[in-house]
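Report on the structure
What follows is each chain in one-letter form.
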Amino acid sequence: MRAPAPASINFLSVVPQFTVPDLVGTVAYYRDVLGFDVVGYWDGTQETATPTDPVFAIVKRGQAQLFFNRGDGSEIRSGRAEGAYDAYFHVVGVDTLAEELRSRGAEILDGLEDRSYGQREFMVRDCNDLILAFGEDTSRRAT
């Protein structure tokens, strides 16, 4: 049996970090196609606003962040099961988001669909073959 966590502990978020072979191209895709803002790059020594040989980058949309590090020729690592995804984004306005991403050229794999577990979802394949799911809670929707 696990002891209860002290009341002062509160998990606020989690940030996935993906290793990608083309860091600058990945960040451009997330900016141009998925609508993320570029927070910044790290060149191994300092933070930079421009992508001059970066080894790390952060993108953000709303409160969601993703970290990317350069893999220098490595393949994308994904042990995901068939039908699974690499990251799940809880959003508000999922229908509008799906329309926006479609108009920007995102590859929509599945959805928009209301799921039996109270989410309205769609999935996107990114430029690295990572599968991103976007879902909105529908459990409180008026019937």
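Higher on the page you've got the structure.
The present account deals with the structure reproduced in this document. (Residues numbered from 1 in each chain as written. Predicted model: local features only at pLDDT ≥ 70, side-chain atom pairs only at ≥ 80, totals over all residues. Heavy atoms only, no water.)

Thoughts on the layout of surface pockets
Rules: Cavity: a set of points on a 1 Å grid over the protein atoms alone where a 1.4 Å probe fits but cannot get out. Pocket: an open set with protein on both sides within 12 Å along at least five of seven lines, its lining residues, like those of a cavity, having an atom within 4 Å of a point. Grid points are joined across faces, edges and corners, and a volume is the space filled by probe spheres set on the points. Numbering of helices and strands starts at the N terminus; helices are DSSP runs of H or I of at least 4 residues and strands are runs of E of at least 2. Any residue outside Ala, Val, Leu, Ile, Met, Phe, Trp, Tyr, Cys, Pro, Asp, Glu, Lys and Arg is labelled polar, Gly included; the first ten of those are nonpolar and the last four are charged.
Space inside the largest pocket adds up to approximately 500 Å³. Forming the boundary of the largest pocket are 22 residues, of which Arg61, Gln63, Ala64, Phe89 and His90 lie nearest the centre. Residue assignment for the lining of the largest pocket shows that the elements contributing at least two residues are β4 (56-61), β5 (64-70) and β6 (87-90). With four residues, β6 is the single largest residue contributor to the lining of the largest pocket. Grouping the constituent residues of the lining of the largest pocket by class yields 14 nonpolar, six polar and two charged.

Brief notes about the pattern of salt bridges
Rules: For this document, the term salt bridge refers to a Lys or Arg side-chain nitrogen within 4 Å of an Asp or Glu carboxyl oxygen. A 1.4 Å probe rolled over the protein chains alone gives each residue an accessible area, and that area as a share of the maximum for its type sets the label: buried under 20%, exposed over 50%, partly exposed in between.
Following the criterion strictly, the structure yields ten salt bridges and no others. Salt-bridge contacts for Asp114 lead to Arg120; the nearest nitrogen and oxygen are separated by 3.3 Å. What makes Asp114 partly exposed here is its relative accessible area of 41%. The class of Arg120 is buried, set by a relative accessible area of 17%. By sharing partners, the salt bridges in this structure join Asp110, Glu113, Arg115 and Glu121 into a single network.

So, the sheet that holds strand β7 (residues 107-114)
Two modes of strand pairing occur in sheets, parallel and antiparallel, and in both the strands are linked by backbone hydrogen bonds. Here is the rule: Strand pairing follows a simple DSSP-based rule, namely that at least 2 bridges must link the two strands. Axis lines are fitted through C-alpha atoms, for helices just across the contact stretch, and the angle between N-to-C directions can take any value from 0 to 180 degrees. Throughout, a contact is declared for two residues whenever any of their heavy atoms are within 4.5 Å.
Spatially, four strands are ordered β6-β9-β8-β7 in an open sheet, and the strand pairing comes out mixed. Every interior strand has two partners, whereas the edge strands, β6 and β7, have only one. If you compare each strand with its neighbour and ignore which way they point, the axes differ by 15° on average. Relative to strand β8 (residues 119-125), β7 runs antiparallel, the two sharing six bridges. Of the residues in β8, the one forming a bridge with Asp114 is Arg120. Each of β7, β8 and β9 (131-137) touches helix α2 (residues 94-103); the most contacted strand, β8, lies at about 20° to it.

Looking at the environment of Val38
Inspection of the secondary structure puts Val38 in strand β2 (residues 37-42). Considering only alpha carbons, one finds Val38 and Tyr85, 47 residues apart in sequence, at a separation of 23 Å. Leave out the neighbours within four places in its chain, and Val38 touches Val27, Arg31, Ile58 and Val59.

Observations concerning unusual backbone geometry
Gly111 connects to Leu112 through a cis peptide bond whose omega is 0°. Here Leu112 shows up in strand β7. Although it is not a glycine, Asp129 sits at a positive phi angle of roughly 70°. Here Asp129 lies in the loop between β8 and β9.

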